[in-house]
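Structural characterization, general
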Amino acid sequence: MAGNTPEQQAAFSSFDFATSAAWRDYYNNLTIPPDRANDPAVLSRYKQKFFRQFVDPAFQIDPLQPNPPPSSTIPPTSSSYAAPSSASTAPRPSASARASAAGSGAAGTGARATPGTGGAGSRGGSTGTGGSTTGSSTRMSLPTYTFVAHAWVIVMALIALFPFCPRALLIRAFRFALFGGLLASALSILQQHGRPAALSLDALKAWLQTLLTGPHLLNLMHCSVFLPSPYPIALALLPLAARSVLPLAAHLRQHFSQAALYRTYLAKPCDWLAANRQQVELFTANTEVMLGPLLAFYLLTPQRSFFQVFLYWQLLKMRFHAPASAWYHRQIWGHLETTVMPPVQRYVPFLLTPIGYVKGWFNSMGRA
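Residues numbered from 1 in each chain as written. Predicted model: local features only at pLDDT ≥ 70, side-chain atom pairs only at ≥ 80, totals over all residues. Heavy atoms only, no water.

**Here's the deal with the environment of R263**
Tracing the sequence through the fold places R263 in helix α12 (residues 260–275). A C-alpha to C-alpha distance of 9.7 Å links R263 and R253, two positions ten residues apart in sequence. Every residue in contact with R263, bar those within four places of it in the chain, is listed here: S257 and Q258. A distance of 2.4 Å separates a polar side-chain atom of R263 from the backbone oxygen of Q258. (Helix = DSSP H or I, 4+ residues; strand = E, 2+ residues; numbered from the N terminus. Contact = heavy atoms within 4.5 Å. Polar contact = N/O pair within 3.5 Å; in protein donor to acceptor, adjacent residues only side chain to side chain.)

In structure tokens:
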């Protein structure tokens, strides 16, 4: 890798992409052309881009070498063009010969269509007993349902966050957005992690360990914390909508990139989201951290809920240590510490002791 030091090359070679949840999320949101999906050079380049974006900003990326044109793009030889000219000079068959040839051709077509490989026989087989088409549509249904659930979350969140929304409509939109988030998280878990290998305790524990490496279980817990709330907290929908807009944009780029409506209105926003994924994740972490003090402030109001505050701060602690969100949350908490701690030390030093207890509690999971 030209331009990189031996230490940078060694760090890149030793990075464990196989177990990195951040790399899996990054790779799942990529849109790779089908003819280059299995190219090792393309995969290596994306790994280098991921390493530079999330690990070492000074890491240099190798230029991508163009692939040679596939054999299907080679123009046909001159012999393939000779058949029409020879056919044009052949004598024209009689009407009876053409009729007999048409009859034999129809019989041959019917015989070929019987196994279900073409024509009307093929269509009948695919809708009746043929399993390939049915299996393909079944495999595609889960990503489609996940896409619809994410779109539902964004629409409901926009309604709930509208400043002049009536309170009755706001409460319903708040509930519907959380229900959509629950469904989207559950579908994402099934799509990326599947079901437990068995119903035994060991299999369930291993399956839950894989869920903790990704963000979907924590998103499901986020919706579960706020769903029983008797009052809507609009700020709780911001991280939910931000985490839904990224897979929504990735799905649009992958499946609707040739649609005229997408190219006209959605191409630029989706490309911006793909290029600024880190900024969106930082914004999401920022809103999640802001919710913690807001819920603690609600304890001084009639809308207080001690159980909700306890559950949410436990969720913040889990996000602080989860591989998929740890880096973003540590950035936000580090920025808060450098901003808040100097005034606290100067004006209210008696708060240093409880703040120290909270910091120790946050870091306790990492030492366990």
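**So, the side chain of H222**
Locating H222 in the fold gives a position in helix α10 (residues 216–226). Residue classification places H222 among the buried residues on the basis of a relative accessible area of 3%. Contacts of H222, omitting those with residues within four sequence positions, involve A236, P239, L291, Y312, L315 and R319. (Buried < 20%, exposed > 50% of the residue type's maximum accessible area, 1.4 Å probe, protein only.)

**Remarks on the packing of helix α13 (residues 277–298) against helix α14 (residues 306–321)**
Interaxial distance between α13 and α14 falls to 10 Å at its minimum, and their mutual angle equals 155°. Our classification of the angle between α13 and α14 gives roughly antiparallel. Crossing of α13 against α14: the hand is left-handed. In this structure, α13 uses E288, V289, L291, G292, P293, L295 and A296 to contact α14, whose residues at the interface are Q308, V309, Y312, W313, L316 and R319. Classifying every residue of the contact of α13 with α14 by side-chain character gives nine nonpolar, two polar and two charged. (Axes fitted to C-alpha atoms, helices over the stretch in contact; angles between N-to-C directions. Parallel < 35°, antiparallel > 145°, perpendicular 65-115°, else oblique. Left-handed = near helix turned anticlockwise from the far one by under 90°. Nonpolar A, V, L, I, M, F, W, Y, C, P; charged D, E, K, R; others polar.)

**A closer look at the packing of helix α11 (residues 237–255) against α12**
The interhelical angle for the contact between α11 and α12, taken along N-to-C directions, is 130°, at an axis separation of 9 Å. One element, α11, and the other, α12, form an angle in the oblique class. Considering only the axes of α11 and α12, their crossing is left-handed. Here V245, L246, A249, L252 and R253 of α11 come into contact with α12, specifically with Y262, L266, C270, D271, L273 and A274. Of the residues in the contact of α11 with α12, the class split is nine nonpolar, no polar and two charged.

**Considering helix α15 (residues 326–347)**
The terminal C-alpha atoms of α15 lie 31 Å apart, and with 22 residues this matches the ideal 32 Å at 1.5 Å per residue to within 8%. Where α15 bends most, the angle comes to about 35°, and this point is V340, followed within four residues by the proline P342. (Expected span 1.5 Å × (residues − 1). Bend = angle between axes of the 7 residues up to and from the residue.)

**Comments concerning the environment of Q279**
Within the secondary structure, Q279 is located in helix α13. Along the primary structure Q279 and Y328 are separated by 49 residues, whereas in three dimensions their C-alpha atoms are 9.5 Å apart.

**Thoughts on the nonpolar core**
Ranked by size, the top nonpolar core spans 31 residues in total, and within it L178, F226, I233, L237, L291, L295 and Y312 carry the most contacts. With six residues, the top contributor of residues to this core is α14. Contact partners of L237, with chain neighbours within four places excluded, come to A157, A160, F174, A177 and L178. Core analysis: the second largest hydrophobic core is formed by 16 residues, L30, F54, A285 and Y328 among them. (Core = buried A, V, L, I, M, F, W, Y, C linked by side-chain atoms within 4.5 Å.)

**Here we look at the pattern of salt bridges**
If you walk through the whole model with that rule in mind, you get six salt bridges. Residue K359 pairs with E337 through a salt bridge whose shortest N-O separation is 2.9 Å. You can see K359 sitting in helix α16 (residues 352–367) and its partner E337 sitting in helix α15, a full 22 residues away along the chain. A relative accessible area of 37% places K359 in the partly exposed class. Judged by relative accessible area, which is 38%, E337 ranks as partly exposed. Ionic contacts of the salt-bridge type, sharing partners, join the residues R243, R277, E281, E288 and R319 into one network. (Salt bridge = Lys/Arg side-chain N within 4 Å of Asp/Glu carboxyl O.)

In short, shape yes, function no, at least from these values alone.
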